[in-house]
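Chain by chain, the residues run as shown.
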Amino acid sequence: MRDRIIAPYYRRPSRRGKVLYTDAMARGFVRTTPSGAVALLRPGMKVMLPPGCGEPRALIAEICRQSERLRDLTLMGGIHLGDYPWARPEHAALRYATWHMSPRLADAQRRGRVEFLPIRYFDVVTEFAPGGHWAPDCVLVHTAPPDAHGYLSLGASVGLALPAARRAPLVIAQVNPNMPRARGNGWLHAGQIDAWVEVDEPLTEYPPPPVGDVERAIGRHVGALVPDGATVQVGVGAIPQAVLEALGDHRDLALHSLLVDAGVGLVERGVVTGARKRVHRGRLDIAEAMGTRRTFDFLATSLVINMESSAFTHDPDVVAGLDRFVAINSALEIDLTGQVTAESLGPRQVAGIGGQFDFVLGASRSAGGASVIALPSTGRDGAVSRIVPHLAAGAAVTTPRYLTDWVVTEHGAAQLRGLSDRARATALIAVAHPRFQGELERALTS
């Protein structure tokens, strides 16, 4: 599982650790054009994409241009920051399999061209590898140019692309001087890549989302639960943004798995140092960076960054070994037993499992750790409560009730761990919107 070292922390080939690249594994590393690279693909193949800011747009655009030739080729990916060009009707010959659903895929799903994969992030690593159900025939990667020793950094998107590419039958790289050469274990050697294209274009960006009064209130409540010296995991969105903004007066925090612009700001202000970590002290173990040029420039120069595969960052055993690990994740709905759905509205899949279960499980075993589910108390512009007597019929349970620790809304924080079923419900009602508390109490006693 943990074939982690491909180049050491400081950009020179290791003389003491494992180096996975050997001459016996060497591939062609043939320079070609986007059309020449995509010509290597065949109909019906399974092709894995890096998520987020690592998306190789030029290669994807060429796949779309050749979509008729590539009939029933299946692209496979997670969080996507664009408009899913391969899911448009004019590219209906292509299929898409994803572990992170989006409402923007609804039309293609109705046409039978999209499949949702209910896989947690840690298991994506093994399911998308030889022997896994979704073993890719090809992996696309987006890298910085090779250094003097032939190592190419995957920069902003390492978590899933790196372990998949190390074992894929065919690897095609989009090489881009705008991709930062980040430190850590996010490297492929030229001898592990079959073909590459040079494309000089800006990376896909994820700008900081706007934060309103509700999110700020949630952020303050969550921030109060984070001790100094904690290792903090957050996702993307307005609530994680508000949480990071609320941590400005903390000391010696570390960030884990994901880096966004607000996290960069905390490092620059001296709030995030990683100084109290037992594992990788002074380093931030990051699988994906999703931000603007600010984040990309930081990746290129920072000595604290340690890019890692999701086989490491999402491993609950690794998380459990980090003292004071605080996992902060969101939800669409939570019921009075503490069951959480972060992915579906009733039976309709609108997001994915992501890393929530991985981090909640790891945090539950971390010394001094905690997991936090943070959500607004209402939805649909205040028309409905997001704390409900029972999850909607058909809803997927992302976090089971026995792992739900803290639940935070703009009205406060409720700790559920160790409470009886009635006490849990009472604590949740206390942080529900006051307009819905009466009906929740009636549901509890009926």
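The following refers to the structure shown. Residues take numbers from 1 onward in each chain, read along the sequence in its written order. Predicted model: local features are reported for residues with pLDDT of at least 70 only, side-chain atom pairs are reported and counted for 80 or more only, and whole-chain, interface and lining totals are derived from all residues. No hydrogens and no water enter the side-chain calculation; it runs on all heavy atoms of the structure.

Attention now moves to the sheet that holds strand E16 (residues 325-330). Two strands form a pair only when DSSP identifies at least two bridges running between them. Helix numbering and strand numbering both begin at the N terminus, where a helix is a DSSP run of H or I of at least 4 residues and a strand a DSSP run of E of at least 2. Taking strand neighbours across the sheet as the criterion, the 6 strands line up as E12-E11-E16-E21-E25-E26 in an open arrangement whose pairing is mixed. Each end of this open sheet is capped by a strand with a single partner; those strands are strand E12 (254-255) and strand E26 (412-415). Running over the sheet, helix H13 (residues 421-431) touches strand E25 (406-409) and E26 and is turned about 175° from E26. The contact criterion used throughout is that any non-hydrogen atoms of two residues lie within 4.5 Å. To get an axis, fit a line to the C-alpha atoms, keeping to the stretch in contact for a helix; angles then go from 0 to 180 degrees between the N-to-C directions.

Our next topic: the side chain of Ser-102. By the secondary structure assignment, Ser-102 is in the loop between strand E4 (95-98) and helix H3 (106-110). Those residues within four positions of Ser-102 in sequence are excluded, and the remaining contacts are Tyr-84 and Val-350.

Here the focus is the pattern of salt bridges. Once the charged atoms of two side chains with opposite charge are near each other, the side chains can pair. Salt bridges are defined by distance alone: a side-chain nitrogen of Lys or Arg within 4 Å of a carboxyl oxygen of Asp or Glu. Taken as a whole and assessed by the stated rule, the structure comprises 19 salt bridges. Residue Arg-65 is joined to Glu-62 by a salt bridge in which the shortest nitrogen-to-oxygen separation is 2.9 Å. Taken as a pair, Arg-65 and Glu-62 lie in helix H2 (residues 57-65) at a separation of 3 residues, close to a single helical turn. With a closest N to O distance of 2.7 Å, Asp-358 and Arg-120 form a salt bridge.

A few words now on the nonpolar core. In terms of nonpolar packing, the biggest core is built from 76 residues, with Phe-128, Val-141, Leu-259 and Ile-328 touching the most fellow members. Counting 30 residues, the second largest nonpolar core, distinct from the first, contains Leu-70, Leu-75, Tyr-96 and Val-197. What makes a nonpolar core is a set of buried Ala, Val, Leu, Ile, Met, Phe, Trp, Tyr and Cys residues whose side-chain atoms join them at distances within 4.5 Å. The classification of residues rests on relative accessible area computed with a 1.4 Å probe and restricted to protein chains. Under 20% of the type maximum is buried, over 50% is exposed, and intermediate values are partly exposed.

Along the chain, Gln-192 turns up in the loop between strand E9 (187-189) and strand E10 (195-198). For Gln-192, a relative accessible area of 5% gives the class buried.

In contact at an axis separation of 8 Å, helix H6 (residues 213-223) and helix H7 (residues 238-245) are set at 50° when each is read in the N-to-C sense. Taken together, the axis directions place H6 and H7 in an arrangement best described as oblique. Every pair of crossing elements has a handedness; the one defined by H6 and H7 is right-handed. Counted together, Glu-215, Arg-216, Ile-218, Gly-219 and Val-222 of H6 and Ala-238, Ile-239, Ala-242 and Val-243 of H7 form the full contact between these two elements. Just so you know the grouping, Ala, Val, Leu, Ile, Met, Phe, Trp, Tyr, Cys and Pro go in nonpolar, Asp, Glu, Lys and Arg go in charged, and all remaining residues, Gly too, go in polar. Class assignment of the residues belonging to the contact of H6 with H7 gives a composition of 6 nonpolar, 1 polar and 2 charged. Working definition: roughly parallel below 35 degrees, roughly antiparallel above 145 degrees, roughly perpendicular at 65 to 115 degrees, and oblique for all remaining angles. When the near helix sits turned anticlockwise from the far one by under a right angle, the crossing is termed left-handed; a clockwise turn instead gives a right-handed crossing.

Below, the discussion takes up H13. Among all positions of H13, only Arg-424, Ala-425, Ala-427, Leu-428, Ile-429 and Val-431 are buried. Buried positions along H13 lie against strand E17 (333-335), strand E24 (387-388), E25, E26 and helix H14 (434-445).

Between 30 and 60 degrees the pair is tilted, below 30 it is stacked and above 60 it is edge-to-face, where a pair is any two Phe, Tyr or Trp rings, Trp via its six-membered ring, whose centres lie within 6.5 Å. Evaluation of the coordinates by the stated rule reveals 8 aromatic pairs. Between Tyr-84 and Trp-86, the aromatic rings sit 5.7 Å apart at their centres with planes inclined by 80°, giving edge-to-face as the arrangement. Here Tyr-84 matches Trp-86 in class, with each residue buried. Taken together, Tyr-84, Trp-86 and Tyr-96 form an aromatic cluster joined through their ring pairs.

As far as function goes, none of this settles anything; it's purely spatial.
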